[in-house]
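Notes for the structure review
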Amino acid sequence: MSNDAATTATPLTAGSVPGTGPAGATRPEPSAMGLGISLPPADARAKTEGTFPYASDLWAEGLLWAAILRSPHAHARILAIDTSGALDMPGVHAVVTHQDIPGDTSYGRRIADRPVFASEIVRHHGEAIAAVAADHPDTARLAAAAIVVEYEALEPVTDPERAFEAQPLHPDGNLIRHIPLRYGDPDVTGDVIVEGLYRIGRQDPAPIGAEAGLAVPRPDGGVELYVASTDPHTDRDLAAACFGLEPDRVKIVVTGVPGATGDREDPGFQLPLGLLALKTGCPVKLTATREESFLGHAHRHPTLLRYRHHADQEGRLVKVEAQLLLDAGAYGDSSSESLAAAVAFACGPYVVPHAFIEGWAVRTNNPPSGHVRGEGAMQVCAAYEAQMDKLSTKLGLDPVDVRLRNALATGDILPTGQTVTCPAPVAELLQAVRDYPLPPLPKDTPEDEWLLPGGQEGAGEPGAVRRGVGYALGMVHMLGAEGADEVSTATVKVQDGVATVICAAVDTGSGFATLARQVVQETLGVEEVHVASVDTDQPPAGPAAHGRHTWVSGGAVERAAKMVRTQLLQPLAHKFGMSTELLQITDGKITSYDGVLSTTVTEALDGKELWATAQCRPHPTEPLDEFGQGDAFVGMAFCAVRAVVDVDIEIGSVRVVEMAVAQDVGRVLNPAQLVSRIEAGVTLGVGTALTENLRTARGLIRHPDLTGYALPTSLDAPDIRIVKLVEERDVVAPFGAKAASAVPVVTSPAAVAAAVRAATGRPINRLPIRPQAAVSAASN
């Protein structure tokens, strides 16, 4: 990359954000604390120094170690389980199977259809059969291997299309949900029709730290679970139901969460721990291996998509028809929610007067699918953007112009019948990435600065490299959908110049803890703010997904802080005969509008303890009806991405040169944190487009490790240019901010695929992109 190209992007600082405001205006310089500054995370130093306590670091007196026996089959009947060999081993304290569960034998955060331990039928590779507690981790693993299970192997159903006619794999049947969306006139046709069949592979969340946890029995017969839960109150209720206990006798304490791109801690790792702790009366710890992590937690839904787009001669969309089939794997979990998002956003951020979408989620004997960032929306984005490229090619039009002619805007109506009431600057975002200068071509730079696809030592030849530029638009919903009760509770306390925030919102890397500190700083003028650790003794705050905690929990913190502010200012206002609205707090000082009053927050507190508790609950939504209609979403976020790639058209290797991103964020609350979230989302999307594919053979996961599952590294990460952030505040959202991390994940894979199409002339209808798909026909 030349120096000229590297300096084109405006740096994102606390004082200015590129392209924001009415006409790219510069934002005013914020105060030294509060919203709008790049306040670093309080735990940043501990994490970088390796002293931050994760679940795998926990210890307790009399600790036992757990291991889980998992099925080697994708589909089998269990004829017998013999645990005697494990129980006879020295150092083994307990073995638990389905027979040792005193409460509910199945669980699920959304659909309770997944057994804690398989009893009669194994439905996926890696399903838990039994768990062991021993005095050493090696002993526990050996004991688990000593359990003898007699299986009768059954033919697995791994093709989701076969699931419709196959024998039921589960008592609830193979069909989890069917959504037929009907919008407009089914008989309408366009002058131009393009069709496509697309496949999206299985991606794994691949957390840096594998699952770990500690269960400690309590004197009252209950148990405490120290785990990296992202939804502690739901996990507590699931655990209590499994253990046959009242919820108040089970406590979830959230340990350090080492990042999350989905449900960080699957209950399937937590429940065996609690059962073993209750049975042995001893603390029990589990640290999963990377293989166990791949086998145990949920993955992104593999999806088959069939599309037919109708348009007029100018490229304006007339009708979209689509069939979407999501492979849920063995159990339902969040598949219903993922399907709703896929169906609702199947046409993308475009105005479509007529739409007919059929969506299904089905059970198979493949690994379970679940919540992964941008679920549902990512899969359809790759397909509808490929269709827009096909349409522009068939009409001989510029792909950006075709998208601009159909771009969604505020006030338009989605195919679900819901009016877009939030800011939707889709055209503005696309124009921003189109107008951003392209990186220089290799011929304009010294050859030693040019990275060939596959690296400088790769097998490719410079003469076989072609550059491609591709565009994509994406959208996601924020918060829960279809009637989900979105509510969070927070308490703010202030004493001796120090504020404390108590809220059960788990910071999975989204930066909520930092946001809470900034909100209190800005509202109360107190610089030192502590965010209490999370456990289920606190009121619930809900799951950490869809940007919920920025909106719902951040809103609760803001309301509580404003209530404390009123308590702080009322005595002063009364003393000086004015209303609290005439007083302001800036940089720890309280002043009146006329300058008569000037004091510090510490002096006003005068040793008093002030506190308040508040809730935030957004406006309600409704489920999609039998025709896929309904106001199912609270809000939406949009993104435009331009990808530049170099492709060796002889061997099919791809290098992503640059990703230009424009996004509507509502309001920039922490500039550095926002940049990090967007860059991480784009990088994750690049992995989805090119390398990440959890491969299976007859339902068995092949190479469940980080050598067989190729994550993008720093060498694979492209130059990421955030060329525009549109700060048009959503008036119904606290602070006016929007979720930031999911929409670049959704949009980036489609942009990379579009760029590879442009470079090779190949259709590129599968993600991740296989090398053979990127080999140009002209090279043969």
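Residues numbered from 1 in each chain as written. Predicted model: local features only at pLDDT ≥ 70, side-chain atom pairs only at ≥ 80, totals over all residues. Heavy atoms only, no water.

1. Topic: the sheet that holds strand E21 (residues 528–531)
Here we have four strands laid out as an open sheet, ordered E21-E20-E19-E25, and mixed in their pairing. Each end of this open sheet is capped by a strand with a single partner; those strands are E21 and strand E25 (610–616). Each adjacent strand pair in this sheet contributes to an overall mean axis angle of 20°, direction not counted. Examined bridge by bridge, strand E20 (residues 498–503) and E21 share four bridges and lie parallel to one another. Counted as the bridge partner of Val498 is Glu528 from E21. Of the strands in this sheet, strand E19 (488–495), E20 and E21 touch helix H12 (residues 512–524), which is tilted by about 145° from E21. Against the sheet, helix H13 (residues 548–576) contacts E19, E20 and E25, and its axis sits at roughly 145° relative to E25. (Pairing = 2+ DSSP bridges. Helix = DSSP H or I, 4+ residues; strand = E, 2+ residues; numbered from the N terminus. Axes fitted to C-alpha atoms, helices over the stretch in contact; angles between N-to-C directions. Contact = heavy atoms within 4.5 Å.)

2. Side note on the packing of helix H10 (residues 399–406) against helix H11 (residues 426–435)
Between H10 and H11, whose axes approach to 9 Å, the crossing angle comes to 165°. The orientation of H10 with respect to H11, classified from their angle, is roughly antiparallel. At the point where H10 passes H11, the crossing takes the left-handed sense. From H10, Val400, Asp401, Arg403 and Leu404 reach across to H11, where they touch Ala427, Leu430, Gln431 and Arg434. Along the lines of polarity and charge, the residues of the contact of H10 with H11 split into four nonpolar, one polar and three charged. (Parallel < 35°, antiparallel > 145°, perpendicular 65-115°, else oblique. Left-handed = near helix turned anticlockwise from the far one by under 90°. Nonpolar A, V, L, I, M, F, W, Y, C, P; charged D, E, K, R; others polar.)

3. A closer look at the sheet that holds strand E6 (residues 121–122)
With antiparallel pairing, the three strands of this open sheet are ordered in space as E6-E2-E8. A single partner strand is all that each edge strand has here, and the edge strands are E6 and strand E8 (148–153). Note: strand E2 (residues 76–82) against E8, six bridges, orientation antiparallel. Note on E8: the bridge partner recorded for Ala76 is Ala153.

4. Remarks on the packing of aromatic side chains
Here the structure, examined in full by the defined rule, presents six aromatic pairs. Geometry around Phe52 places Lys47 over its ring, the cationic atom sitting 5.0 Å from the centre. (Phe/Tyr/Trp six-rings, centres within 6.5 Å; stacked < 30°, edge-to-face > 60°. Lys NZ or Arg CZ within 6 Å of the ring centre and 35° of its normal.)

5. Some thoughts on the pairing of E20
For a regular strand, side chains alternate in direction, first toward one face of the sheet and then toward the other. Only one face of E20 is covered, namely the one carrying Ala499, Val501 and Cys503; the face carrying Val498, Thr500 and Ile502 has none of its residues buried. Two strands pair when backbone bridges link them, and E19 and E20 are joined in this way by six bridges, in the antiparallel orientation. Each bridged residue has a counterpart across the sheet, and for Gln495 the counterpart in E20 is Val498. Between E19 and E20, which pair antiparallel and follow one another directly, the connecting turn spans two residues, one of which, Asp496, has a positive phi of 55°. For the segment spanning E20, H12 and E21, crossover handedness is right-handed. (Buried < 20%, exposed > 50% of the residue type's maximum accessible area, 1.4 Å probe, protein only. Right-handed = clockwise from strand over helix to strand, strands pointing away.)

6. Some words on the state of the cysteines
All chains considered together, the criterion is met by zero disulfides. The thiol sulfur of Cys422 is not disulfide-bonded, and the nearest other cysteine sulfur, from Cys639, lies at 14 Å. This cysteine, Cys616, is not joined by any disulfide, and Cys503 carries the nearest cysteine sulfur, 10 Å off. Judged by its relative accessible area of 3%, Cys616 falls in the buried class. (Disulfide = S-S within 2.5 Å.)

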